[in-house]
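# Survey of secondary and tertiary structure
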Amino acid sequence: MSERQDNKKFTRPGGINTIQVDAARQVHMRTMQARIPGGGSTTQSSTSRYKVPQTTMSNSGPRTPTASRMIPPARHICNNPNNPPCANCGGVIIPSPKAFLPLEDRPSMSINNWTISSKKRPILNAEELHNWETKELRGLGALPEMIFGNNFIRVMNTEHKWGIEYNTLDALKMVALSDSGIRVAHSKAWLDSKLQQQQNNAEDSSGIDMENSLKIVKNYDWTYSTEYEGTVVGDNKDKYSFKVDNNLTLPVDKLSKQDKILYFDEMVLFEDELADCGVSMLNVKIRVMNERLLLLSRFFLRVDDVLLRVYDSRIYVEFDDNIVMREIKKYEGNYNDILAKHHISHSHDPKAALRDSNWVAEHTPIIDRRCEVMTFND
Amino acid sequence: MMKIDRTITLLKQGKHITEEAVYSLCLKAQELLMTEANVTHVDTPVTICGDIHGQLHDLLTLFGKSGGVEKTRYIFLGDFVDRGFYSLESFLLLICYKLKYPDRITLIRGNHETRQITKVYGFYDEIMRKYGNSNVWRYCCEVFDYLSLGAIINNNIFCVHGGLSPDVSTIDEIRAIDRKQEVPHEGAMCDLLWSDPDDVEKWSLSPRGAGFVFGQNEVNQFLHTNNVELIARAHQLVMEGYKEMFDGGLVTVWSAPNYCYRCGNVAAVLRIEDDLQRNYTIFDAVQPQDGVGNAIIPTKKSQMDYFL
């Protein structure tokens, strides 16, 4: 993790001093900076600076644009006054400058006839959880430890009344209600020792019924693997459909351009540490530029010493052409094979790479790819 | 004793503790914990606390909201380290209190108080970041090996980190375990730190292929056999801070508010009065503030990036 020079500028009034090297401080700084989409490193001195007119964007702000990098005229609108545009660059301020605990952030913006919105809320409470357990997701043994069940990212075309959103419930509905066949690394040793114990205690009738207790009562995919590709929404959700064309690729050149990001949000939909045997997580993020957007929904599974799996679903929209593309990529491989690709053996923590889904996706064999496109021509 | 007071002051301020100081604290802690039973007897009134996970500021709130160690007896159900940014400070603070007030604080081992788990879930990384070597991590892990496996309050309430084990029907069987070791992958000691309650008819295998889940029948059986009325455990995140199950025969207590700095949950501690009445105290996460008084939500990876 890189140390920032300007860390020293930040002082917390009162409260508890923190250790200089602490990551909390860096996370804090990053959060602060994320609220200043211009990428500025200075702290806002007054909250009133956030209150700029919503539909206008100053081209002659204090952060003067250089001649070589012209900012295109603003055409986007910030729909939620809690997430106003930055006075300097016009980017939507996420999280809201008025974020509170428990966090609820619900930014939204529009470009042409496209509206992008997202929502972040805490994990489900007991009542919501009960409802999901007994109704919505009945049969799914234990739900993931952390369910951000009210979170979503939605991309909607208001003119054609068609949109696609990524939400938690629909993602979890796709988790298989049958045995995944995947077992944690120490499963065999564990079961063998139990069976051994059972044999030793065969004459001892006071013991519990080991034979029966070594059966799985609730069969479901405990890795929560989901091939979720988003939920199509809107009045015309059945009118338009994607057409598969695997020869297509997302326009990496266009998406690699460092166009100003007007809207960026990222959220976890669900996460489970698999009883500390790895991680299963569904994460969604979006970036919106003046001409296009890219959304990435990533399911990441690591079963320690056993398996790595990444399921990516990308949505790309070109606003002026009303083109929507969806690309699905699935990666899967043996844990130790992939770990062996990590050559930085001098690292004190060589397994750190296996916690980084980007690194894993890069080094894990791709097992499936699909690309499809949709235009609003009937 | 002067030295411990000074360390406590430093810890509360989040200041650096020297490697030598940690070493001497850990040695003293081992000497003290070695003399404790696997299942410690504790008298009422006492406050039961769940997972802390390195959230030092919230641990300080916990003490503030529940009376403080000067006036109150505490049982901590384990998982002091990992995930939060202040695992070391949180654990050392508890150790210091234990040394200063040995009869007022009981520390039970959680599944995160192991070498294997702390290497993956943050504590080891934190030590490498703060000290540049793993010595302090090793000293702490040696203390982990001496932590108790459970506690019993007034012979009425059994406290444990995870849950029950099919290998354990009486509390005396827990007393017979040789606990001074790294937590094994199976057996009674492992189950006590790992198992979860669920709505199952009987002991059953977790679909992961290792570990048990237990249901109301097992809880009732255990309560009856041991003549206790409640199992207090932690180990699982609960949005409301606590959750009673099985007609009040089991409770999960969770004491890390806004877990991982993003779950938005509240935390709870459970105070058991002399008449065994249960009183829950709920508390929120500390709200860090920026220079102009706005609340800051530290979220992971909040900075925008040009992902592809």
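Given the structure is predicted, the values throughout are model-derived calculations rather than measurements. (Residues numbered from 1 in each chain as written. Chains lettered and ligands numbered in written order. Predicted model: local features only at pLDDT ≥ 70, side-chain atom pairs only at ≥ 80, totals over all residues.)

Moving on to the overall build of chain B. For chain B, the count of helices and strands is 10 helices and 14 strands. Radius of gyration (C-alpha) of chain B: 19 Å, near the 19 Å computed for a compact globule of 308 residues. Dimensions of chain B, computed from the C-alpha atoms along their principal axes, are close to 55 × 50 × 40 Å. When each of the 308 residues of chain B is scored for burial, the buried share is 53%. (Helix = DSSP H or I, 4+ residues; strand = E, 2+ residues; numbered from the N terminus. Rg over C-alpha atoms; globule rule 2.2 N^0.38 Å. Buried ≥ 20, exposed ≤ 12 C-beta atoms within 10 Å, placed from the backbone.)

Of the regular secondary structure elements, chain A holds eight helices and 14 strands. Buried positions account for 38% of the 378 residues belonging to chain A. For chain A, the proportion of contacts with a sequence separation of at least 24, taken over those separated by at least 6, is 69%. (Contact = placed C-beta atoms within 7 Å.)

Residue and element names in this part refer to chain B. On the basis of which strands lie adjacent, the open sheet formed by six strands has the order β1-β5-β6-β10-β12-β11 and mixed pairing. Two strands lie at the open edges of the sheet, namely β1 (39-42) and β11 (242-245), each paired on one side alone. Across this sheet, the average inter-strand angle for adjacent strands is 20°, counted without regard to direction. For strand β10 (residues 230-233) and strand β12 (residues 250-253), the ladder comprises three bridges, and the chain directions are parallel. Paired with A232 across the bridge in β12 is V251. (Pairing = 2+ DSSP bridges. Axes fitted to C-alpha atoms, helices over the stretch in contact; angles between N-to-C directions.)

Let's shift gears to the packing of helix α1 (residues 2-12) of chain B against helix α4 (residues 87-100) of chain B. Residue and element names in this part refer to chain B. Taken N-terminus to C-terminus, the directions of α1 and α4 make an angle of 150°; their axes are 10 Å apart at the nearest point. With respect to α4, the element α1 is oriented roughly antiparallel. Along this stretch, α1 crosses α4, giving a crossing that reads as left-handed. Each of I4, T7, I8 and L11 in α1 lies in contact with α4, whose residues at this interface are E89, L92, L93, C96, L99 and K100. The residue makeup of the contact of α1 with α4, split by class, is seven nonpolar, one polar and two charged. (Parallel < 35°, antiparallel > 145°, perpendicular 65-115°, else oblique. Left-handed = near helix turned anticlockwise from the far one by under 90°. Nonpolar A, V, L, I, M, F, W, Y, C, P; charged D, E, K, R; others polar.)

Residues and elements named next belong to chain B. The end-to-end C-alpha distance of helix α2 (residues 19-34), which contains 16 residues, comes to 22 Å, matching closely the 22 Å that a straight helix rising 1.5 Å per residue would cover. For α2, the set of buried residues is V22, L25, C26, A29 and L33. The arc enclosing the buried residues of α2, seen along the axis, measures out at 100°, which places them on a common side. Seen from the buried face of α2, the exposed residues on the opposite side, beyond 90 degrees, are E20, E31 and M34. Turning to α2, the residues buried within the fold contact α1, α4 and α7 (135-144). (Expected span 1.5 Å × (residues − 1). Arc of directions from axis to C-beta.)

Residue and element names in this part refer to chain A. Mapping L172 onto the fold places it in helix α3 (residues 168-173). Residues L172 and Q198 lie 26 residues apart in sequence; the distance between their C-alpha atoms is 37 Å. With near-sequence residues (within four places) excluded, L172 lies in contact with L137, L140, T226 and F270.

Here the focus is the domain arrangement of chain A. Once the domains are mapped, chain A shows domain 1 (100-178 + 221-375) and domain 2 (182-215). One C-alpha centre belongs to domain 1 of chain A, the other to domain 2 of chain A; they are set 39 Å apart. (Domains from an automatic or database assignment.)

So, about the environment of B:T7. Residues and elements named next belong to chain B. Considering the arrangement of structural elements, one finds T7 in helix α1. Under the C-beta neighbour-count criterion, T7 is labelled buried, with 23 such atoms within 10 Å. Taking the C-alpha atoms as reference, T7 lies 9.9 Å from T18; in sequence the two are 11 residues apart. Ignoring anything within four residues of it in the chain, the contact list for T7 reads I17, A21, L25 and C96.

Another point: the packing of α2(B) against α7(B). Residue and element names in this part refer to chain B. Here α2 crosses α7 at 10°, and the two axes come no closer than 9 Å. In terms of orientation, α2 lies roughly parallel with respect to α7. The segment α2 lies against α7, with E19, V22, Y23, C26, A29, Q30 and L33 engaging N135, V136, Y139, C140, E142 and V143. Class assignment for the residues of the contact of α2 with α7 results in nine nonpolar, two polar and two charged.

Glancing now at the pairing of β10(B). All names here are of chain B. What you see with β10 is no split at all: L230 and A232 on one side and I231 and R233 on the other are buried throughout. Here strand β6 (residues 157-159) runs beside β10; their pairing, made up of three bridges, is parallel. Paired with F158 across the two strands is I231, which belongs to β10.

So, about the UniProt feature "domain: Serine/threonine specific protein phosphatases" (unreviewed entry) in chain B. In the UniProt entry, the feature "domain: Serine/threonine specific protein phosphatases" (unreviewed entry) is given for residues 108-113 of chain B. Span residues 108-113 of chain B is 0% helix and 0% strand, its end C-alpha atoms 9 Å apart. (UniProt positions renumbered as here; feature names shortened; annotations may be inferred.)

Attention now goes to the sheet that holds strand β13 (residues 267-272) of chain B. Residues and elements named next belong to chain B. On the basis of which strands lie adjacent, the open sheet formed by five strands has the order β4-β3-β2-β13-β14 and mixed pairing. What marks the edges here is a single partner per strand, and that holds for β4 (105-107) and β14 (278-283). Neighbour to neighbour, the strand axes of the sheet diverge by 20° on average, direction disregarded. Here strand β3 (residues 74-76) runs beside β4; their pairing, made up of three bridges, is parallel. Counterpart to I75 in the pairing with β4 is T106. Contacting β2 (46-49), β13 and β14, helix α3 (residues 56-65) crosses the sheet at an angle of about 135° to β14.

All names here are of chain B. Among the structural elements, L10 can be located in helix α1. Measuring from C-alpha to C-alpha, the distance between L10 and E89 comes to 9.3 Å, with 79 residues separating the pair along the chain. For L10, the residues in contact, after removing those within four places along its chain, are K15 and I17.

This next bit is on the nonpolar core. All names here are of chain B. Of all hydrophobic cores here, the largest spans 171 residues; its most connected members are I48, I75, L92, I108, C159 and V253. Among the elements that make up this core, the one with the highest residue count is α4 (nine residues). Apart from residues no more than four positions distant in its own chain, C159 is found in contact with I48, I75, L77, I108, G150, A151, I153 and A232. (Core = buried A, V, L, I, M, F, W, Y, C linked by C-beta atoms within 7 Å.)

Another aspect to go through is the pairing of strand β12 (residues 307-318) of chain A. All names here are of chain A. Across the 12 residues of β12, 10 count as buried, placing the element largely inside the fold. Note that β12 and strand β13 (residues 323-334) share 12 bridges and pair antiparallel. Within the sheet, the bridge partner assigned to L308 lies in β13 and is G333. Between β12 and β13, which pair antiparallel and follow one another directly, the connecting turn spans four residues, one of which, N322, has a positive phi of 50°.

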